[in-house]
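This is what each chain is made of:
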Amino acid sequence: MQLSIELDDNIRQIESIFPVHKSFDIITRRLILGDARGYWVGINGFCRVELLQQIFSDLQNPYYMKESGIADIERYMNAKIGYAQTSLTDDWEEITRSLLSGPSVLFIDGFAQAIIIDVRTYPARSISEPDTERVTLGAKDGFVETMLFNANLIRRRIRSPRLTFEIMSIGTESKTDVAITYVDGLASSQLLTQLKQALSSLSVTSLTMGAKSLEELLVKKRWFHPLPCMHYTGRPDVACSFLMEGHIAVLVDNSPSVLILPCTIFQFTQSPEDYYKSPVVGTYFRLVRFLCIPVSLILMPLFLMLTVYFPQFSEKWKLMSTEPASGAAIVFYVLAVEFLLDLFKYSASVSSGKFSGSLSIIGGLIIGDIAVELNWASVEILFYAAITLLTSLSLASIEFSDGLRVYRLFLIIVTSLFGGWGFSCGLFLVLLSAATTPTFGGMSYFWPLYPFNRKALRTLLLRYPTAKAQPSKSWKHR
């Protein structure tokens, strides 16, 4: 729908689209611009008032406006509005999208075009380090909910003219801004085309949960795939390292993290802490983190299988220091302790930072001691469960750790029901589920282990010195 040359018609159209007289945050202003009438509309809180005041003051200043009439709106905009970000439009859909995104609109009587003045500003919190990706050394900044700030954090680190941010709008109601970020020439053109087509074809009213909602829309996975199919990061330095390796980052407005494409399981084993330590120390902790994955997954199910179905091995290896309990009691102990530890972890994560540490430690000590006294658990099971929890917390990705927890509970249940065969078949199903986890673009979830790429796998397993770990040397296969 096009604009009218009559200002009153355009005002009525604005009032039919927006609840101008009902919603307090929609502000309007009737202006006299020499001999012409004007009408300005914007969203309160999205506009920088000091800039608008200066623009209105200039436009209504008789010494500044020597020409009382307006003959050409484009010449008027270029000559009289001294703000950098202005444009013309004659489309109501673009005007609606602009107003809801932050820019304000100026209508002038006699012209079927409107001037979009981008003086937007957004409420934003301070740029601080993400809680889930803290490092002892290195940068202490992190992404926030404002997409423009996030783009600036990336641009500050990659000062390349090939760094590109392509913006799209997703959601018929929310109109959420989504930016496809890549370094031209490094990212896969095929993956870029596929991503743009997928985003443009999305039929959804809103991205309720931001980046998480977009992930679920882009990658359809089944209930038996608990592992994450996209990698999140809240650190600009991590996002930039992926971009320089040829990955694509997707920025979603109102989300303090970005999506990294494509995704493999090895991305969840990496930590920025490795690169802020010496290569030897970084390699050591990286290998320790790899070891934590199988320990977190199979320690409790393996303990359960040996103590219940193979007590001779339990006695030989002294897995239980006290008198062994019945098989049903051990199964109950293991499930109860798993539930309690998950409860501690969840309560600590949602509690205030002032209380979360003491809550988890004191609660664990008190409840664990009482559980042993009431014969609801044993000291040995609490010990093995604590090791499992520590290995889970050592993983860099919370989403990956939670996926392993679901796998572990599945293994515990099938082991308690079917013994050694249940453990073996359950472990096979877990590996099959992990291997078939879908990713965007169809890339193997276990790359570079499958398909095998020795050089890339070696780079992921070991922390190389910076001179040898440049993306042009390590990721030539891409």
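Data block above holds the structure.
Residues numbered from 1 in each chain as written. Predicted model: local features only at pLDDT ≥ 70, side-chain atom pairs only at ≥ 80, totals over all residues. Heavy atoms only, no water.

Examining the layout of surface pockets
Part 1 of the argument: The space that makes up the second largest pocket amounts to roughly 780 Å³.
Part 2 of the argument: If you go around the second largest pocket, you meet 30 residues; those closest to its centre are Asp118, Arg120, Leu148, Ile167 and Asp177.
Part 3 of the argument: Elements supplying a minimum of two residues to the lining of the second largest pocket: β3 (86-89), α4 (92-101), α5 (147-157), β6 (163-170) and β7 (176-183).
Part 4 of the argument: The biggest single contributor to the lining of the second largest pocket is β6, with five residues. (1 Å grid on protein atoms, 1.4 Å probe; cavity = no way out; pocket = protein on both sides within 12 Å on 5 of 7 lines; lining within 4 Å. Points joined across faces, edges and corners; volume = space filled by probe spheres on them. Helix = DSSP H or I, 4+ residues; strand = E, 2+ residues; numbered from the N terminus.)

Concerning the side chain of Arg405
Part 1 of the argument: Here Arg405 shows up in helix α14 (residues 398-435).
Part 2 of the argument: With relative accessibility at 18%, the residue Arg405 sits in the buried group.
Part 3 of the argument: Polar side-chain contacts of Arg405 include one of 3.1 Å to the side chain of Asp402.
Part 4 of the argument: In contact with Arg405, not counting residues within four places along its chain, are Asp342 and Lys345. (Buried < 20%, exposed > 50% of the residue type's maximum accessible area, 1.4 Å probe, protein only. Polar contact = N/O pair within 3.5 Å; in protein donor to acceptor, adjacent residues only side chain to side chain. Contact = heavy atoms within 4.5 Å.)

Some thoughts on the sheet that holds β7
Part 1 of the argument: Judged by pairing direction, the sheet is antiparallel, and its five strands sit side by side in the order β6-β7-β9-β10-β8 without closing on themselves. The open sheet has two edge strands, β6 and β8 (231-233), and neither has a second partner. Averaged over all neighbouring strand pairs, the angle between strand axes comes to 25°, with direction disregarded.
Part 2 of the argument: When β7 meets strand β9 (residues 248-252), the two strands line up antiparallel, connected through four bridges. Note on β9: the bridge partner recorded for Ala179 is Leu251.
Part 3 of the argument: Along the sheet, helix α6 (residues 189-200) makes contact with β6, β7, β9 and β10 (258-261), crossing β7 at roughly 175°. (Pairing = 2+ DSSP bridges. Axes fitted to C-alpha atoms, helices over the stretch in contact; angles between N-to-C directions.)

Some thoughts on the state of the cysteines
Part 1 of the argument: For the coordinates displayed, the defined rule picks out zero disulfides.
Part 2 of the argument: Lacking any disulfide linkage, Cys229 is separated from the closest cysteine sulfur, that of Cys263, by 7.0 Å.
Part 3 of the argument: A residue is classified by how much of its surface remains accessible, and Cys229, at 2% relative accessible area, is buried. (Disulfide = S-S within 2.5 Å.)

A word on α6
Part 1 of the argument: Taking 1.5 Å of rise per residue, the twelve residues of α6 would be expected to cover 16 Å, and the 17 Å separating its terminal C-alpha atoms lies within 8% of that figure.
Part 2 of the argument: Leu191, Leu192, Leu195, Ala198 and Leu199 are the residues of α6 that are buried. Down the axis of α6, the buried side of the element spans an arc of 130°, and every buried residue falls inside it. Residues Ser189, Gln190, Gln197 and Ser200 are exposed on α6 and point more than 90 degrees away from its buried face.
Part 3 of the argument: Turning to α6, the residues buried within the fold contact β6, β7, α7 (211-218), β9 and β10. (Expected span 1.5 Å × (residues − 1). Arc of directions from axis to C-beta.)

Brief notes about the nonpolar core
Part 1 of the argument: Leu195, Leu199, Leu214, Leu218, Ile248 and Phe440 are the most contacted members of the largest nonpolar core, which totals 27 residues.
Part 2 of the argument: The greatest single-element share of this core, amounting to five residues, is contributed by α6.
Part 3 of the argument: Setting aside chain neighbours within four positions, we find Leu214 in contact with Val178, Leu199, Leu202, Leu207, Val250, Val252 and Leu259.
Part 4 of the argument: Grouped together as the second largest cluster of nonpolar side chains are 21 residues, Leu52, Tyr76, Met77 and Val119 included. (Core = buried A, V, L, I, M, F, W, Y, C linked by side-chain atoms within 4.5 Å.)

Some points on the packing of helix α9 (residues 279-309) against α14
Part 1 of the argument: It is the contact of α9 with α14, at a shortest axis distance of 9 Å, that shows an interaxial angle of 25°. Judged by the angle between their axes, α9 and α14 are roughly parallel. Both α9 and α14 take part in a crossing whose hand is right-handed.
Part 2 of the argument: Considering only residue class, the contact of α9 with α14 consists of 19 nonpolar, five polar and one charged. (Parallel < 35°, antiparallel > 145°, perpendicular 65-115°, else oblique. Left-handed = near helix turned anticlockwise from the far one by under 90°. Nonpolar A, V, L, I, M, F, W, Y, C, P; charged D, E, K, R; others polar.)

Observations regarding helix α3 (residues 73-80)
Part 1 of the argument: Those residues of α3 that sit buried are Ile73, Tyr76, Met77 and Lys80. An end-on view of α3 places all buried positions within 100° of arc, on one side of the element. Turned more than 90 degrees from where α3 packs its buried face, Arg75 and Asn78 sit exposed.
Part 2 of the argument: Taken together, the buried residues of α3 touch β1 (26-33), α2 (49-59), β3, β4 (104-108) and β5 (114-117).
Part 3 of the argument: By the N-cap criterion, in which a side-chain oxygen at the helix start approaches the backbone nitrogen of a residue two or three places on, α3 is capped by Asp72, the distance to Glu74 being 3.0 Å.

Remarks on the packing of aromatic side chains
Part 1 of the argument: Within this structure, the stated rule accounts for nine aromatic pairs.
Part 2 of the argument: Residues Phe266 and Phe290 carry aromatic rings whose centres are separated by 6.1 Å and whose planes lie at 50° to one another, so their mutual orientation is tilted. Separated by 24 residues along the polypeptide, Phe266 in the loop between β10 and α9 and Phe290 in helix α9 bring together distant segments of the chain.
Part 3 of the argument: Where Tyr284 meets Phe285, the ring centres are 5.2 Å apart and the plane angle is 70°; that geometry is what we call edge-to-face.
Part 4 of the argument: Exposure remark for Phe285: the relative accessible area of 39% places this residue in the partly exposed category.
Part 5 of the argument: Grouped by ring-pair contacts, the aromatic residues Phe303, Phe383 and Tyr384 constitute a single cluster. (Phe/Tyr/Trp six-rings, centres within 6.5 Å; stacked < 30°, edge-to-face > 60°.)

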